[in-house]
Amino acid sequence: MQNGANNARRLFFPMSKKLRIVPLGGLGEIGKNMSVIELGEDAIIIDTGIMFPSNDMLGIDYIIPDFRYLLERKDLKIHGILYTHGHEDHTGATEYVVDAFRGVPIYATPLTAALLEVKLREAKLMNETTVNVFAPGDTLKVGPFRVDSYLIPHSIPDCVGFGIHTPYGLVVHSGDYKLDNTPIDGKRADYTKIAEFARKGVVLLMGDSTNAERPGWTPSESIVNAAFDAIFRQAKGRIIVATFASHISRIQQVAQLTTRYDRKLAIAGHSMTENAKTARRMGLLDIADESLINLDKINGVTPSKLVIMATGSQGEPSAVLSKLAHGQHRSMDVIAGDTVIISAHTIPGNEEGVSRTINRLFQRGADVIYDPIAPVHVSGHASQEEMRLLINLLNPKYFMPIHGELRHLKAHARLAAQQGIPPENIFICENGMVLEIDKGGMRRGERVPGGYVFVDGSGVGDIGRAVIKDREILARDGFVLVVVNVDATTGRLLGDPEIISRGFIYLRDANTLVEQIKSIVNDVIVNNGASNNGRRRERLQESLSRMLFNDTKRRPMVFSVINER
Ligand SMILES: [Zn+2]
Ligand SMILES: [Zn+2]
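The paragraphs below set out a description of the structure included in this document. (Residues numbered from 1 in each chain as written. Chains lettered and ligands numbered in written order. Predicted model: local features only at pLDDT ≥ 70, side-chain atom pairs only at ≥ 80, totals over all residues. Heavy atoms only, no water.)

## Brief notes about helix 10 (residues 351–363)
Count 3.6 residues to each turn of an α-helix, and residues three or four apart come out pointing the same way. Between its terminal C-alpha atoms helix 10 stretches 18 Å, which fits the 18 Å expected from 13 residues at 1.5 Å a residue. Every buried residue of helix 10 is accounted for by Gly353, Val354, Thr357, Ile358 and Leu361. The buried residues of helix 10 all sit within an arc of 135° when viewed along its axis, so they share a single face. Pointing more than 90 degrees away from the buried face of helix 10 are the exposed residues Glu352 and Gln363. (Helix = DSSP H or I, 4+ residues; strand = E, 2+ residues; numbered from the N terminus. Expected span 1.5 Å × (residues − 1). Buried < 20%, exposed > 50% of the residue type's maximum accessible area, 1.4 Å probe, protein only. Arc of directions from axis to C-beta.)

## Focus: the coordination of the zinc ion (ligand 1)
Note on the zinc ion (ligand 1): its protein donors are His85 (NE2), His87 (ND1), His154 (NE2) and Asp176 (OD). The metal-donor distances range over 2.1 to 2.4 Å. Coordination at the zinc ion (ligand 1) comes from four donor atoms whose angles at the metal span 89 to 169°, giving a geometry best classed as irregular. For the zinc ion (ligand 1), the single-chain donor residues occur in sequence as H-x1-H-x66-H-x21-D. In this model, the zinc ion (ligand 1) sits 3.3 Å from the zinc ion (ligand 2), the two metals being bridged by aspartate 176. Here histidine 154 lies in the loop between strand 9 (145–151) and strand 10 (160–166) and histidine 85 lies in the loop between strand 5 (77–82) and helix 2 (88–91), a separation of 69 residues in the sequence. One exposure class covers both histidine 85 and histidine 154, and it is buried. (Donors = N, O, S within 2.8 Å, 3.2 Å for Na, K, Ca; no water. Tetrahedral: all angles 85-135°; square planar, octahedral: opposite > 155°, others 65-115°.)

## Description of the coordination of the zinc ion (ligand 2)
Here the zinc ion (ligand 2) is held by the protein donor atoms Asp89 (OD), His90 (NE2) and Asp176 (OD), which lie 2.0 to 2.2 Å from it. Sequence spacing among the residues donating to the zinc ion (ligand 2) works out to D-H-x85-D.

## Observations regarding the side chain of histidine 90
Inspection of the secondary structure assignment puts histidine 90 in helix 2. Within the local environment of histidine 90, its side chain forms a polar contact with the side chain of aspartate 176, the two groups lying 2.9 Å apart. Residues contacting histidine 90, with those up to four places away along its chain left out, are Asn33, Asp47, Thr48, Gly49, Tyr83, Thr84, His85, Asp176 and His403. (Polar contact = N/O pair within 3.5 Å; in protein donor to acceptor, adjacent residues only side chain to side chain. Contact = heavy atoms within 4.5 Å.)

## Remarks on unusual backbone geometry
Positioned with a positive phi, aspartate 262 is a non-glycine residue whose angle comes to about 55°. Here aspartate 262 lies in the loop between helix 7 (248–260) and strand 14 (264–267).

## Considerations on the side chain of lysine 119
Mapping lysine 119 onto the fold places it in helix 4 (residues 110–122). Each residue touching lysine 119, except ones within four places of it in the same chain, is listed here: Glu88, Thr91, Gly92 and Thr94.

## Some words on the packing of helix 14 (residues 511–527) against helix 15 (residues 533–552)
Each packed pair of helices is defined by two parameters, the angle between the axes and the distance between the axes. Where helix 14 meets helix 15, the axes come as close as 10 Å, and the angle between the chain directions of the two elements is 150°. With respect to helix 15, the element helix 14 is oriented roughly antiparallel. Crossing handedness for the pair helix 14 and helix 15: right-handed. Of the residues in helix 15, those in contact with Leu513, Gln516, Ile517, Ile520, Val521, Val524 and Ile525 of helix 14 are Arg536, Arg539, Leu540, Ser543, Leu544, Met547, Leu548, Asp551 and Thr552. Broken down by class, the residue content of the contact of helix 14 with helix 15 amounts to 10 nonpolar, three polar and three charged. (Axes fitted to C-alpha atoms, helices over the stretch in contact; angles between N-to-C directions. Parallel < 35°, antiparallel > 145°, perpendicular 65-115°, else oblique. Left-handed = near helix turned anticlockwise from the far one by under 90°. Nonpolar A, V, L, I, M, F, W, Y, C, P; charged D, E, K, R; others polar.)

## Some details on helix 8 (residues 270–281)
An ideal rise of 1.5 Å per residue puts 16 Å on 12 residues; helix 8 measures up with 17 Å between its terminal C-alpha atoms. Of all the positions in helix 8, only Met272, Asn275, Ala276, Thr278 and Ala279 are classed as buried. Angularly, the buried residues of helix 8 cover 165° about the axis, an arc narrow enough to put them on a single face. When the buried face of helix 8 is taken as reference, the exposed residues oriented beyond 90 degrees from it are His270 and Arg281. Where helix 8 is buried, its residues touch helix 4, helix 7, strand 14 and strand 15 (306–310). Positioned one or two residues after helix 8, glycine 283 has a phi angle of 75°, which is positive.

Encoded structure:
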């Protein structure tokens, strides 16, 4: 998709235009990656990801970046959304961003584009954008921007990083990467392009920090093969492999072993099935038709001839593996003799769910194999030596760690300093902290919103921190509801109050507490007989809360209703 020459003049940005980097997600957290690169009034967006909620964000499906800043910058012309690769933490929010900026085109490599199209079609937004497909290594012309893409290995095919041309030099965005020299698909990093960037001059490197605390070099995806091979050789029953729905490289490995050991492969879970279908159609996932079997046909296959790939490596309750562990899957069960391989790194915060799933699977008689037991997973992200190498190869003037919690960003910054980047040229930012480059160099700019936008079943952004806090209280201490009937004319109490509680204390076994509640009701309604029911309700709620907290050391939500009869 190249037609650079005829428009060369439009690519010229005068030195007077300020370059601005606006990170909107992925800094200080793992997930919801999104950055904006601006030159004067022109801008491009790189990635629009989601983040999965932590345990304490009850009822939240996922979180998207807060891109209010872009909505408010009416003067800014957004020329395109560029994607580094197809993982959810880089693509998941595409429907929200496309919906907000209709008409802005998308740029992505074939697999990423295909995965994006699935999302856009489901959201009925295909007509609101144009998906421009490019091959890794292509140079893109996005409005007045010239962007060189380069291939980089990760854990999904078709990953790229970007070199964005600016009057101050190249801004290189690493995407997610590892310098795997023996990747499953044989496609190594485009070192030539990286060297070329260095020759042209890199003003800023924005580098993936996920594994910045990990010394050494991340093992190649290929080493997982040996561990898997040993398991496949020994397993007598079915083999169930759980990994991320988008981990195409792992699906490929498992498919190869399936054929080698004369088994059939079934794929469970909507997202993984869709991803595999897309990748196969693009020729990026090689599985023969005769190796595949539909999930509803697996009962006719001898257990020793079957492999099932599934989602749920993070213990997510709605994914296949967790349903299997709890005996809740509609079409299959885990049976004694099954070997379950959990081929994924547990994302911090998910340990509990993963551990519960593993225990349940053991209970059902399966043999469960996971990372400390056997090397069935390697990270898709660079470790320290690879980070050093990338910094050395590119030799950037400024450095900005991205993709990671603060500790990862700090660790990455330390590495950059050790490689000779002056500490004053290293910028650790949080989401929403703007960086500006002009003739005078790079410095911090203003701060724009960069927080969380929660998405749950009912909508986007209408769930705030307060609602989550309520859900936390309800989950932890439950609630107590007291319904009181009073005479409308005399204000006198009619009968006993009705006390309802859930998740707090089993009231039938708590006679003293019930008596205390009755006595408080009596006190507030009879002795404190304020005429205003609103006031009485408030007072009742307060006294009940105080008593319950003192007596039970719990803080249930307390509601009271006063009916006038
Ligand atoms: Zn990724
Ligand atoms: Zn990522």
